[in-house]
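Here's the letter readout for the chains.
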Amino acid sequence: MRRTMAACTTLLVAALSAACATSGQTQTKQADQNAPATLSFWSTGGDDETATFQKAADLYHQKHPNVTIKVQTLSWSDAYAKLLAAATSRSGPDIISGGMTWTIQFGARGAMVDLRKHGSDALKAQALPAQWESAVSPDGSVYGVPLDMSTMALYYRTDLLEKAKVEPPKTWEELTAAIDKLKAAGVKKPYSQDWGNLDWIGYFNYLYQAGGSFYTPDCKPSLDTPQAEQALTAWADLYRKHGAPTATVEGSDALDTGTAMVVAGNWIAKGIDINKPKLKGKWGMTTMPAGPAGPTTFIGGRAVGVTSFSKYVKTAADFVTFMYTDEAIAAITDEARKRNISYIPPRPDKIVNGSVFTPEQAKVFEASIRTGKAAPGCPGWDESASDVAKQLQSVILGKSDVKTALAEAAKVMQRNAG
Amino acid sequence: MASPIPLRSRLRRYGTSYAMLLPFLALFAGFLIWPLANSLYLSFTTFDGINPAAFVGLDNFRQLAEDDRFRHALGNTGLYVVGSVVIGTLLSLGLALAFNGTGWAHRIMRTVFFLPSVTSSIALMLMWKWVLFPSDVGLANTIMHWFGGKDVAWLATPGLAIPILVMMSVWGGMGYGMVLYVAGLGAIPQEYYEAARIDGASTWAQFRHITLPLLRPVTTYVVVTGLIGAFQVFEAVYIVFQTGANNVGGVLDSGLMIVPYLYDQGFTHFKLGYASAIAWVLFLIIFVLSLVNLRAGRAMKEL
């Protein structure tokens, strides 16, 4: 008993000391901006992508010999936790890149610099308005700017479509008709979704293509509309009636294992011919089938921003601006082409011009992006996204009906909006 | 009652021992007690990892009581713990009884079953992910095809999530339990069995009345450590079932467990105070269950 008491007392005393030891944030003292500086840029993605951004950093070094920027890779799986650890200890990178809303999340907690004070307006004019909006915080702060873009397309097997005498579908109706024809022609796997499968991103396309949206322009949840219902019914029917698999198979694997049409991200386009040599000459791609309100497609990408604990805020922000220049984009694109990886610059005027993709592929992505929309930037969306996805899944798996699921999703969004 | 030894003479007598314990104590205090105390304090705050923590009393715990996802995670974890501990313990005992000999064949079999315990759990989970991959990319579905079966969405069928997690846990852990049981079996004096045989006891009676009761300390250990490990399951869910940044528990949260939920809240939603509260609730659950288990083991021994 005495031992238990002693252990409890020790823990309590330590907890109280922990409470007393918690200190507030302090402003990071800025280093002499003219002295030689080495900046650290934590880039979320793969090593090949890091190497492409390093080319821009090297170019910046040539122009500013005093400044060296080292780009390091953070893998998607643990980047967020590592960035949080850096923000908590207020040490680590000067520049970070990651998911579009990450900089907003870190910025809202004081870990990022508002780039409006460092000339982000010049970048706004060059960026795609739809993507820019999703990088801006609800209060208007710009804690991160788009670093690149990603979008999706409908990839298809030309041989299987020819066999079923089907043209690549351009509308929802054509898509379901194509699935039926492919099935009739003996194609066992007519259609699947890679990016966005069973997730809100998959529904996003249908929602906007039906003329709906997650939020109204003043950030009120707007899932109680006929458009949202029509979209969810059409999307869920792809699984319920037309046999789209609930299990996610990576796009190029799906094509390789006999799936006729796959919705997948732009990043698979570069690798299919190399990773799946059997598919060479047997696949094509087109924009997503359009709905009653048009072909709106999801636009993702990464945001890049400057940490508030950097000792070189001005230099780091200058480098972020530099990444939008023609020469920086050319350096990144060249390296991406050499490494055979996907890269869509954040400037719409550069999507086709000098693209890493073939001109035909670049045109498909450009068309998707021109009419695209990005993730909602409304307060509480990040907290709600997983719950919204669960509600959508419950419809697909027959556990709930469309109306109830959308009402539940809207309720969560309302609650998290604060 | 003996009078207490004066501090000075105690120091003279044990001073060197205390000094030698100091490095361990410093590390223990710095890397265990201090973080533990911090998490206890943080569980009463709204700490977001970056801004100073604001004290909110029991709010986090109240919120937990009303949190549907936490309740769901708790229910899933309960099912998983029961499944993996019961099946794991029974299979460990079965394997130990089957392979407790000293011959080469038994030694090789023991090594084979023990191998998953010495392999990195991350590597094992990546292997399972590959096995359960959808379509004919995955081994499980390829085997299904050989026998004329259809594709199964192993990781996207809510009803399969817990059985798959239990299977992965049992497969990975039964070798470890087997080794403990083999050691336990070796410690049972053979005379008991001889006496039982002379008295005409059947093999089942010998197992029921000699082996099982004498293996009780081993069983208690296997169950308690299994219980603690099962409550803390993380890699299996995080690696095998996570299908996106927003989907830590798999489809419809079918594989959501307490620790992955804690990680999700703390490290992707900046709710470190709330995550600390989850950690302390988990600690209390494990503490109480382990205590009950130990007491039950002791009470049964006294019977």
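Residues numbered from 1 in each chain as written. Chains lettered and ligands numbered in written order. Predicted model: local features only at pLDDT ≥ 70, side-chain atom pairs only at ≥ 80, totals over all residues. Heavy atoms only, no water.

As recorded in an unreviewed UniProt entry, chain B goes by ABC transporter permease subunit and comes from Nonomuraea phyllanthi. Looking at the Subcellular location (unreviewed entry) heading of the UniProt record, one finds this comment for chain B: "Cell membrane". In UniProt, chain B has this text filed under Sequence similarities (unreviewed entry): "Belongs to the binding-protein-dependent transport system permease family." (UniProt positions renumbered as here; feature names shortened; annotations may be inferred.)

Okay, the confidence of the model for chain B next. On average, residues of chain B score 91 in pLDDT, and 96% of them reach the 70 mark or higher. Among the scores for the predicted complex, ipTM is 0.83 and pTM is 0.86. (pLDDT = per-residue confidence, 0-100.)

The full count for this structure, using the stated rule, is 41 aromatic pairs over all chains. With a centroid separation of 5.4 Å and an interplanar angle of 80°, the aromatic rings of A:Tyr60 and A:Phe319 are classed as edge-to-face. Note that A:Tyr60 is positioned in helix H2 (residues 47–63) and A:Phe319 in helix H13 (residues 313–322), a separation of 259 residues in sequence. Each member of the pair, A:Tyr60 together with A:Phe319, is buried. Each ring, one from A:Tyr203 and one from A:Trp235, has its centre 6.0 Å from the other, and the planes form 45°; the classification is tilted. Linking A:Tyr203 in helix H9 (residues 200–209) with A:Trp235 in helix H10 (residues 226–240), this pair joins segments that are 32 residues apart in sequence. For the pair A:Tyr203 and A:Trp235, a shared accessibility class is recorded, and that class is buried. By the ring-pair criterion, three or more aromatic residues cluster together here, those being A:Trp195, A:Trp200, A:Tyr203, A:Phe204, A:Tyr208, A:Phe214, A:Tyr215, A:Trp235, A:Tyr239, A:Trp267, A:Phe298 and A:Trp381. The ring of B:Trp104 has B:Arg107 lying over it, and the distance from NZ or CZ to the ring centre is 5.4 Å. Seen from the ring of B:Tyr274, B:Lys271 lies directly overhead, with NZ or CZ sitting 5.6 Å from the centre. (Phe/Tyr/Trp six-rings, centres within 6.5 Å; stacked < 30°, edge-to-face > 60°. Helix = DSSP H or I, 4+ residues; strand = E, 2+ residues; numbered from the N terminus. Buried < 20%, exposed > 50% of the residue type's maximum accessible area, 1.4 Å probe, protein only. Lys NZ or Arg CZ within 6 Å of the ring centre and 35° of its normal.)

The next subject is the UniProt feature "transmembrane region" (unreviewed entry) in chain B. As annotated by UniProt and renumbered to match this structure, "transmembrane region" (unreviewed entry) occupies residues 18–37, 78–99, 111–132, 152–171, 218–241 and 272–294 of chain B. In this annotation, residues 111–132 of chain B is assigned 86% helix and 0% strand; the end-to-end C-alpha distance for the span is 25 Å.

A word on the environment of B:Tyr238. Along the chain, the position of B:Tyr238 falls in helix H11 (residues 235–241). Sequence-distant contacts of B:Tyr238, defined by excluding residues within four places in its chain, comprise A:Ser77, B:Val248 and B:Tyr263. Here the side chain of B:Tyr238 touches A:Ser77 through a polar contact of 2.9 Å, landing on its backbone oxygen. (Contact = heavy atoms within 4.5 Å. Polar contact = N/O pair within 3.5 Å; in protein donor to acceptor, adjacent residues only side chain to side chain.)

What follows covers the interface of chain B and chain A. Contacts between the two partners involve 38 residues from chain B and, on the opposite side, 41 residues from chain A. Roughly 3,300 Å² of surface becomes buried between chain B and chain A when both sides are summed, with 68% attributable to carbon and sulfur atoms. For the interface between chain B and chain A, the tally reads two salt bridges. For A:Arg109, the salt bridge identified is with B:Asp48, shortest N-O distance 3.7 Å. In this structure, the connection of chain B to chain A is made through six residue pairs in polar contact (both at pLDDT 80 or more). Listing elements by their share of the side of chain B that touches chain A, those giving two or more residues are helix H1 (7–42), helix H12 (258–268) and helix H13 (272–302) of chain B. Along the lines of polarity and charge, the residues of the side of chain B that touches chain A split into 23 nonpolar, 10 polar and five charged. (Buried area = accessible area lost by both parts, 1.4 Å probe. Salt bridge = Lys/Arg side-chain N within 4 Å of Asp/Glu carboxyl O. Nonpolar A, V, L, I, M, F, W, Y, C, P; charged D, E, K, R; others polar.)

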